[in-house]
Structures are given as structure tokens and as C-alpha cells.
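# A look at the structure
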Amino acid sequence: MTTTVHTSSIQSLPLLARGKVRDNYAVGEDRILMVASDRLSAFDVIMGEPIPGKGEILTKMALWWFERLGGLCPNHLTGEAPESVVRPEEVPQVEGRSMLVKRLKPIPVEAVVRGYLAGSGWKEYQESRSVCGVPLPEGLTNAARLPRAIFTPAAKAAAGEHDENISYDRVVELVGPKLAQQIRETSIALYETAAAIALTKGMIIADTKFEFGLDADGALVLMDEVLTPDSSRYWPVEGYEEALAAGANPPSFDKQFVRDWLEAVRIHGKPWDKTPPAPRLPREVIDKTAAKYREALERLIG
């Protein structure tokens, strides 16, 4: 295993932003070095302990998907080696966990596509028989496959805030009708193609979120990470039918171990209030989470 990185420190480039997982550095005016750290956030709070190997796994998966989806939408990769833009002593921090990408004008919409009813979508359906204003048929249950994939966008929140589900009409207000339609159609096409590929590997992609930007010519470009366990709900095919029949959440390839542990933990006899600082994660939870991310990568890429 290479270096574990909780927070990168590239002194040779200006830091643009630190996200929940990624540290972005400016490379000249037109490129960005995106470093995927081993940080993990749950309930929008960053854990103090890194998950070994996570940044590399996310990067490998994203690159694998970018390669397979390039025909549907251009992406932000430059094709240049991330190691080429840092000092030799900084290479271990970027090797295997970074992408050197084009600098785009980000679109302020999280393009969420759902093929199954889960998480906040299931909650919303129970109340209104719809998700983000998209009406759905009666009688669906938790984890049910939807009649067809739906676009349920969210507005990007400021750091530390939760993204907020919005209607398609709101997307039109934010970016205009033409671009809104292009984002919706492209997102659904990307999801449906990826979901079909994942099924051949014994994995269900229940939902995912894409991020897009515009290049200098105003063309739509897929950016950030794509179809990783951090941005997508992956379920193994085995066990899905049983979970569906029981109305339970299928087991997922992500940070569910961490979430479940955090929900159960007691601090001075009280539940954690989901504000920083996060409780210290026990070794067992860190190891199990790392194993889940590894398994997702191995199933997909073999």
C-alpha cells in the first residue's frame, strides 16, 4: 500500500479548495490537480481517521468509468500525468490518487439520477408519492427498482451544509432550459449505461450523482469524480431480493459501517449530535470500511 494521506500538502502549487475528500490545487490558469485523500465524511462531518487506500480506490474507479463513458459525454481529464506538475518529494502524495484535469466553469447543480428508491428518495416517496417533483406510481417499497431512471437534482450547498433537493424547474431557472435538458438527458444516459455495465459485475447502482462544468466553448463536460462508492449507492446483486422483500436497505459498498457505528455510539451516555468533532473511529470500523471500498473496486475491475 502506498502512503496514507488524510490531508495533502503540496507546497509547490496554490491550494484552491479542500472538499470533504478532495484537495484541489491550481496548475497555471487552465488546469487543476485533484488529489483524492483518504478522508471520509459521514453526516457531512469529516472523520479524524483516514481510511487506508480509499483515495486510490476512488481514483481508480473514476478513471475506469471515465474511460467507458467517454462516448456519451466529454470529461475533464487532460491525459497528462499528475506527477508531472509537482516537485519530486511531493510525488508520493499524488501518485495513484490524483487526476490532472481541465479547469471548467462548474455548474451549480448536483445531477442526481435514481434507478431505485432509497435513502432520502424513499423518505420523500412515502410522504408525497414523488421524488423532487417527479411523480411515481403507488405501491413502491424501499429499495424497489423504479419503472425508469429519474433525474432528481440537488443544489450544491456551501461547505458543511447539506445539498438540497430541487425541482427540474429550479434547474431551468439556474442554467436555462437548453442546458437543463442536456444535463438531464446526459445524466440519465450515463446512469443507464453504467448501471448495465455494473450489473454484469454483480453490482446494482441504485443511484448516483454527476457533476458537470462548461469548457471555454460552452460545451458540457463531465467532471469531479464519477460512479465511486462516495457518489453512488452500490448494492451487491446477492442479497438484494431478500432485502427488498423485507423492506430493508440492501447492504452497500460504502461508508455504511461508519454511519451505523456513529448512529449507535454514545458519548457521555448521549448519542453523537453529528457536529464536529467526530468521535474517534475504532480500528475495526476503519478496517471493515476499507475492505468494502476494496471489494467494490475488485468486483468492478477484477
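Below is a short write-up of the structure. (Residues numbered from 1 in each chain as written. Predicted model: local features only at pLDDT ≥ 70, side-chain atom pairs only at ≥ 80, totals over all residues. Heavy atoms only, no water.)

When we look at burial in helix α3 (residues 119-128), the residues that qualify are Gly121, Trp122, Glu124 and Tyr125. Down the axis of α3, the smallest arc covering the buried residues is 165°, so these residues share one side. Residues of α3 that are exposed and point over 90 degrees away from its buried face: Lys123 and Glu127. Where α3 is buried, its residues touch β8 (109-116), β9 (130-131) and β13 (164-165). Phi turns positive one or two residues past the end of α3, at arginine 129, with a value near 55°. (Buried < 20%, exposed > 50% of the residue type's maximum accessible area, 1.4 Å probe, protein only. Helix = DSSP H or I, 4+ residues; strand = E, 2+ residues; numbered from the N terminus. Arc of directions from axis to C-beta. Contact = heavy atoms within 4.5 Å.)

Moving on: the nonpolar core. Within the largest apolar cluster, 69 residues are counted, with the highest numbers of intra-cluster contacts made by Met47, Trp65, Phe210, Phe212, Val226, Leu227 and Tyr234. A total of 9 residues in this core trace back to one element, the largest contributor, which is helix α5 (residues 177-199). Not counting the four nearest positions on each side in its chain, valine 226 is found in contact with Ala62, Trp65, Phe66, Leu69, Phe210 and Ser231. (Core = buried A, V, L, I, M, F, W, Y, C linked by side-chain atoms within 4.5 Å.)

Proline 276 connects to proline 277 through a cis peptide bond whose omega is -5°. Structurally, proline 277 is set in the loop between β18 (270-271) and α8 (283-301). Of note in the backbone geometry, arginine 129 takes a positive phi value of approximately 55° without being a glycine. Following the sequence through the fold, arginine 129 ends up in the loop between α3 and β9. What makes arginine 129 partly exposed here is its relative accessible area of 32%.

Moving on to the environment of valine 27. Relative to the helices and strands, valine 27 resides in strand β2 (residues 22-27). Under the relative-accessibility criterion, valine 27 is labelled buried at 6%. Residues contacting valine 27, with those up to four places away along its chain left out, are Leu13, Ile32, Leu33, Val85 and Leu100.

We now examine the packing of helix α7 (residues 256-264) against α8. Contact geometry for α7 and α8: axes closest at 8 Å, N-to-C directions at 150°. When the axes of α7 and α8 are compared, the pair comes out roughly antiparallel. Along its contact with α7, which presents Phe257, Val258 and Trp261, the element α8 presents Val285, Lys288, Thr289 and Lys292. Classifying every residue of the contact of α7 with α8 by side-chain character gives 4 nonpolar, 1 polar and 2 charged. (Axes fitted to C-alpha atoms, helices over the stretch in contact; angles between N-to-C directions. Parallel < 35°, antiparallel > 145°, perpendicular 65-115°, else oblique. Nonpolar A, V, L, I, M, F, W, Y, C, P; charged D, E, K, R; others polar.)

As a further point, take the sheet that holds β2. What the 4 strands build is an open sheet, ordered β1-β2-β3-β6; its pairing is antiparallel. At either margin of the open sheet sits one strand with a lone partner, and together these are β1 (15-18) and β6 (98-102). Going from strand to strand, the sheet's axes swing by 20° on average, the running direction of each strand aside. Two strands pair when backbone bridges link them, and β1 and β2 are joined in this way by 3 bridges, in the antiparallel orientation. Residue pairing in the sheet places alanine 17 in a bridge with asparagine 24 of β2. Packed onto the sheet, helix α1 (residues 54-69) meets β2, β3 (31-36) and β6 and runs at close to 45° relative to β6. (Pairing = 2+ DSSP bridges.)

Our next topic: the packing of aromatic side chains. Taken as a whole, this structure holds 8 aromatic pairs when the rule is applied. Ring geometry for phenylalanine 210 and phenylalanine 212: centres 6.5 Å apart, planes at 50°, overall tilted. Like phenylalanine 212, phenylalanine 210 is buried. For the cation-ring pair, arginine 129 lies above tyrosine 125, with the distance from its terminal atom to the ring centre recorded as 4.8 Å. Directly above the ring of phenylalanine 43 sits lysine 274, whose terminal nitrogen or CZ lies 4.3 Å from the centroid. (Phe/Tyr/Trp six-rings, centres within 6.5 Å; stacked < 30°, edge-to-face > 60°. Lys NZ or Arg CZ within 6 Å of the ring centre and 35° of its normal.)

Let us look at the packing of α1 against α5. At their nearest, the axes of α1 and α5 sit 11 Å apart, and the two run at 115° to each other. Our classification of the angle between α1 and α5 gives roughly perpendicular. Considering the relative orientation of α1 and α5, their crossing is right-handed. Here α1 contributes Trp64, Trp65, Arg68 and Leu69 to the contact with α5, which in turn contributes Leu190, Thr193, Ala194, Ile197 and Ala198. Here the contact of α1 with α5 is built from residues that sort into 7 nonpolar, 1 polar and 1 charged. (Left-handed = near helix turned anticlockwise from the far one by under 90°.)

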